[in-house]
Every structure is written in C-alpha cells, then in structure tokens.
Amino acid sequence: MADSIAYHQLAVQDREIRLLHIDNGNEREGILKCSLEQISLNSDTMKPYIAVSYCWGTSMDKSLIVVDGQEAKVPRSAALTLRNLIQEPGEVIWIDAICINQKDDVEKGHQVAMMREIYSQAEEVRVWLRSLSSDVAVSAIESTGRIYEQCQEVTNGFADLHTHLYGAKESAVFQYSNAHLPGDCDWVAVKALYSLPWFSRLWVVQEVVLARKAICHLGQHKVAAKTLMFAARWMVHRRYVKHVDYAEIEGIENASSMYIPTTLPLSHQLRQAIVPDYKLSVVEVYACTLRVAFEEGKNLYLLQFVAWYVDDRPILSRLYEGIRKSWYTAKRDKAVRSWPSGINQLNNNADETTSLSVPEHPLPQYWHDIWRSMNRRFFTTADGKLGMGPPSIRRGDQLCILSGDRAPFILRRKGLIWTVVGDAYCRILMKNAFVNKLVDPAQREVQSQWREVLKQR
C-alpha cells in the first residue's frame, strides 16, 4: 500500500491541472475509488467538472482511498467531503488535497496561482459546510432565505443594493441602517450556521465569488451560496447585532465580505505581482505583499495592521522615508497601562476618576473603537503629548509621521536601520493642519523616497 498518490508531472507551460473521476459514487461503505486525469486549462474542449470548497481543519488524520488502482492515504477531511458531496458515479471533481501534489512546493505554487481560473471555469462549486442537526439546519436556511428575500425586495431585485450599502454610487464607505430585519428569524440557528469553521477560512472568498454557480451543503440540506452571502451583507447593513446580544458573529462578518460590488474589482496588479511560492518564508510573503500594496495604493494604510497580526518575526518592507518629518521621543512612566486592564482600573476607582461609560446598546462602530483600543499602551512624549501605541513601546522609541499615511507610527532604531513597532494614536499629530505644516502637499511625492526598513519584535 502506498502512503501517497503516485503523481505524474504537470506541464506548467500548458497550465495543466488534475481532475478526479469518481468510480463508485456516494456509497457510504467501502473505500472510495477514483482515477486522476491531467487536462489543460488552455484547452478549447475542456470537459465540465465540479470544484469543491471545504475546510481542511487541523487534524492530521488520514483516510484510505483508491486512486488509479492503488490504495493511498489522503486527508480525512477531503475524503469525508467527497463522501458527502458526490451525488452519482462518473462525476468529475477538482479538490485541492488530492488534485495537487501536496509534497511538491513548486507545483503547489503554480496551482495556487491558477485557483482563480480553476474555480471560475468549474461548471459548479460545491461547498461542504459540515452537518448541523436537521431542525437547526432547516431553520437556519429558512431564516437566511427570509433575510435574502427582504434584501431582494427592498433593493429592487438587487439593482439598488450598492446604493443601499454604500450610499453614493462610487462610495467605498459602508452604510448602516436602523431598519428592521425580518421578525421571524431563528437567530440561534443563524448563529449556529455562520459559526461553522468554513466561514472562518480566507480562501473561500475567491472560491465562492468566482463561481458560476455555488451550492452550500449543510448535511443533507442545500442552499445557494449567494443566499448566505447576500443575507450576511444585509444583516450587517441592518445591524444584526441587535438580535444576538450585540456580539459580532465572525462568520457573518466574513460572509458579508464575500459580496463584492462590480465597481470595486479585485486588484489586477496585486494578482500579477504576487506569485505564490511555498518556498518563501512567512516573512518574505508579508514583505512582498506589503511592497505591492504600498506601490499600488500610494499610501501606507496596511502598515497600520502589521504589528497587530505579525508576531515574533522580523519583516522586511519598503517604506517611504519621510522619517525626518516629525520626531517625538516616547517615555514610559507609572501611568502607562495596557488595555483592557486600563479600563478595569478606571472602573474600579470611580471615586477618584470618571469611569468609562458603555452605551446600553452599543453599535458596531463602538465595538470597533474598543477593539482598536485593546492591547494598547498609553504614552507621553518628551514635550508632553499623550497618545496610545503598541504594548511593546518603550522609552526612547520615536513617534513620527511617515510620508504616505496620516497615522503616526512608533519606530525604533537598531543600528543603521529603523524597526516598525506599530501604529499609534496621537490626536494632535493626526490633524491635517499639523501634517500640512510639516510637508507641503504639492511636494510630498518629491520628498518621498523608498528605504529598506527591518521590522523585528
């Protein structure tokens, strides 16, 4: 018995992929039998196939299947997904865990780069969400269906949806509404549905958005992926948190982001500039992505998130110099506290100072502001300015405005280079008048230069 599938090399120049032919249908007993075929995405006569979207999970468990007459071990999640999604013998499937040689990093890089075409050219995308009890699944599907129908009705068959969500036609600012969602929704079931692991995956965005037709399978029940995505977007628009104790549900927020207006296309430059390469380290992937984002967006917006999502590893990125524009030396003292401990301290000493007040029914923006304040540390500058920054800030760090962003950053000198500790909040530095004093707006591009900066925490 072979531990892995005996793969034949794919022809990169022909943009080849593998398809899985199912021989014994959806039988629940016995080993799944199938065979692999190599085909070119460039072919004018490419046969129809079904692409699968599912959650790999973290388990290392394997299951036996038969591929081209030989037993092989594949991830158990992939085998279970096929068992639940195959509807009849003879179906042709594309599933990453089996159709890509997972032991070949070069091949994985080439195949991942073609994911867009793989999912967009599939006849259908089948999504395996996993199972819920039948009554919960039915109630969740019915509830999201009502929300979808309300959205369809209010937006004139979705023709006016973008206007409802973003106001002015070309605006990218999301709009919230206090209008009611359907009153007969089962919010416990809705929460159970969107709490399934599939909704926490990043890859599913392109797998569903690019599909000609995408159907989600919830045990033995099915629902169009479009229904779940549009329902989620509408729930966020109409402040669904009022129905779930004002606690955001990650799966609803993620599913909401899968709605992509035609006026806001995915970046072509980003797709062309970032080439998947599994030989690169995480550091190098972040660096490449940031470099392209800076060059394309002409700003440093993404840099604000780096310190909060990349831990304990150095990262090389290109920044606009602009460092000499504004300098303040950060100093710590006894008053510096981390959040949320700072909140507790204020509340526990109400006799000495005013405690923080929380609205009875806080809106999403309130929780966003609180989230941005979590795990932050107060600081004062040498000339007495107050601000908040990363928890790792220390005496001697520099607070500055970088050309390309109005948010201040904390930098730390290490020899001849500067490390980015993270973004900061200092109200006076974020005022337009202050920034304009530092740099003549007409000269910003001229005064900006690229410089290599090593970020290490």
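(A) Examining the side chain of Arg201 more closely. Within the secondary structure, Arg201 is located in the loop between helix H7 (187-194) and helix H8 (204-209). Sequence-distant contacts of Arg201, that is, excluding residues within four places in its chain, are made with Ser53, Tyr54, Cys55 and Glu207.

(B) Fine view of the packing of aromatic side chains. Applying the stated criterion to the full structure yields nine aromatic pairs. Pairing Tyr148 with Phe158 gives two aromatic rings, centres 5.1 Å apart and planes at 50 degrees, and the pair type is tilted. With a gap of ten residues between them, Tyr148 in helix H5 (residues 134-154) and Phe158 in the loop between H5 and helix H6 (161-166) connect regions that are remote in the sequence. Each of the two residues, Tyr148 as well as Phe158, counts as buried. Look at Phe158 and Phe230: their rings are 5.0 Å apart centre to centre, the planes differ by 65 degrees, and that puts the pair in the edge-to-face class. With Phe158 in the loop between H5 and H6 and Phe230 in helix H9 (residues 225-237), this residue pair connects regions lying 72 residues apart in the sequence.

(C) Structural context of the side chain of Ser77. Relative to the elements of secondary structure, Ser77 occurs in helix H1 (residues 76-85). On the accessibility criterion, Ser77 (18% relative accessible area) is buried. Reaching out from Ser77, the side chain makes a polar contact with the backbone oxygen of Trp56 at a distance of 3.0 Å. With sequence-adjacent residues up to four places away left out, Ser77 is seen in contact with Tyr54, Cys55 and Trp56.

(D) Expanded view of the sheet that holds strand E8 (residues 214-218). Ordered in space as E5-E4-E2-E1-E6-E3-E7-E8-E9, the nine strands form an open sheet in which the pairing is mixed. Unpaired on one side and paired on the other, strand E5 (70-75) and strand E9 (221-224) mark the two borders of the sheet. Strand-to-strand twist in this sheet, taken as the mean axis angle between neighbours without regard to direction, amounts to 40 degrees. Across seven bridges, the pairing between strand E1 (residues 16-22) and strand E2 (residues 32-40) is antiparallel. Note on E2: the bridge partner recorded for Ile17 is Ile39. Each of E1, E2, strand E3 (50-53), strand E4 (62-67), E5, strand E6 (92-94), strand E7 (124-130) and E8 is contacted by H1, which is oriented at about 100 degrees to E5, the strand it contacts most.

(E) Main features of the pairing of E8. Burial within E8 is extensive, with five of its five residues counted as buried. By the alternation rule, side chains of E8 split into Ala214, Cys216 and Leu218 and Ile215 and His217, which are all buried. One ladder, built from five bridges, connects E7 with E8; its direction is parallel. Within E8, the residue paired with Val125 across the bridge is Ala214. The pairing of E8 with E9 spans four bridges and is antiparallel. Bridge assignment links His217 to a residue of E9, and that residue is Lys222. Linking E8 back to E9 in an antiparallel pair, the connection comprises two residues, with Gly219 at a positive phi of about 65 degrees.

(F) Highlighting the pattern of salt bridges. According to the stated counting rule, one finds nine salt bridges in the structure shown. What emerges from the salt-bridge pattern is a single network uniting Glu91, Glu124 and Arg126.

(G) Looking closely at the packing of H5 against H9. For the pair H5 and H9, the least separation of the axes is 8 Å and the interaxial angle reads 70 degrees. With respect to H9, the axis of H5 lies roughly perpendicular. Here Thr144, Gly145, Ile147, Tyr148, Gln150, Cys151 and Val154 of H5 come into contact with H9, specifically with Lys226, Thr227, Leu228, Phe230, Ala231, Trp234 and Met235. Looking at side-chain class alone, the contact of H5 with H9 contains nine nonpolar, four polar and one charged residues.

(H) Layout of the pairing of strand E16 (residues 417-423). Taking burial as the measure, the seven residues of E16 include six buried ones, the bulk of the element. Pairing geometry for strand E15 (residues 408-414) and E16, over six bridges, is antiparallel. By the bridge assignment, Lys414 is partnered in E16 with Ile417. In this antiparallel pair of consecutive strands, E15 and E16, the connection spans two residues, and Gly415 shows a positive phi of 70 degrees.

(I) Highlighting the environment of Glu207. Tracing the sequence through the fold places Glu207 in helix H8. Glu207 sits in the buried class, given a relative accessible area of 3%. When the C-alpha atoms of Glu207 and Val127 are compared, they prove to be 9.0 Å apart, with 80 residues separating the residues in sequence. Look past the residues within four positions of Glu207 in its chain and what remains in contact with it is Ser53, Tyr119, Val125 and Arg201.

(J) Highlighting H5. Over its 21 residues, H5 runs 30 Å from end to end, which matches the ideal 30 Å to within 8%, given 1.5 Å per residue. Residues of H5 that are buried sit in contact with H6, H7, E8, E9 and H9.

(K) Up close: the packing of H5 against H7. Across the interface, H5 lies against H7 with an axial gap of 8 Å and an inter-helix angle of 100 degrees. Considering their axes alone, H5 and H7 lie roughly perpendicular with respect to each other. Contact with H5, carried on its side by Val136, Ser139, Ala140, Ser143, Thr144 and Ile147, involves Trp187, Ala189, Val190, Ala192, Leu193 and Tyr194 of H7 and no other residues of that element.

Thresholds applied
- Residues numbered from 1 in each chain as written.
- Predicted model: local features only at pLDDT ≥ 70, side-chain atom pairs only at ≥ 80, totals over all residues.
- Heavy atoms only, no water.
- Helix = DSSP H or I, 4+ residues; strand = E, 2+ residues; numbered from the N terminus.
- Contact = heavy atoms within 4.5 Å.
- Phe/Tyr/Trp six-rings, centres within 6.5 Å; stacked < 30°, edge-to-face > 60°.
- Buried < 20%, exposed > 50% of the residue type's maximum accessible area, 1.4 Å probe, protein only.
- Polar contact = N/O pair within 3.5 Å; in protein donor to acceptor, adjacent residues only side chain to side chain.
- Pairing = 2+ DSSP bridges.
- Axes fitted to C-alpha atoms, helices over the stretch in contact; angles between N-to-C directions.
- Salt bridge = Lys/Arg side-chain N within 4 Å of Asp/Glu carboxyl O.
- Parallel < 35°, antiparallel > 145°, perpendicular 65-115°, else oblique.
- Nonpolar A, V, L, I, M, F, W, Y, C, P; charged D, E, K, R; others polar.
- Expected span 1.5 Å × (residues − 1).

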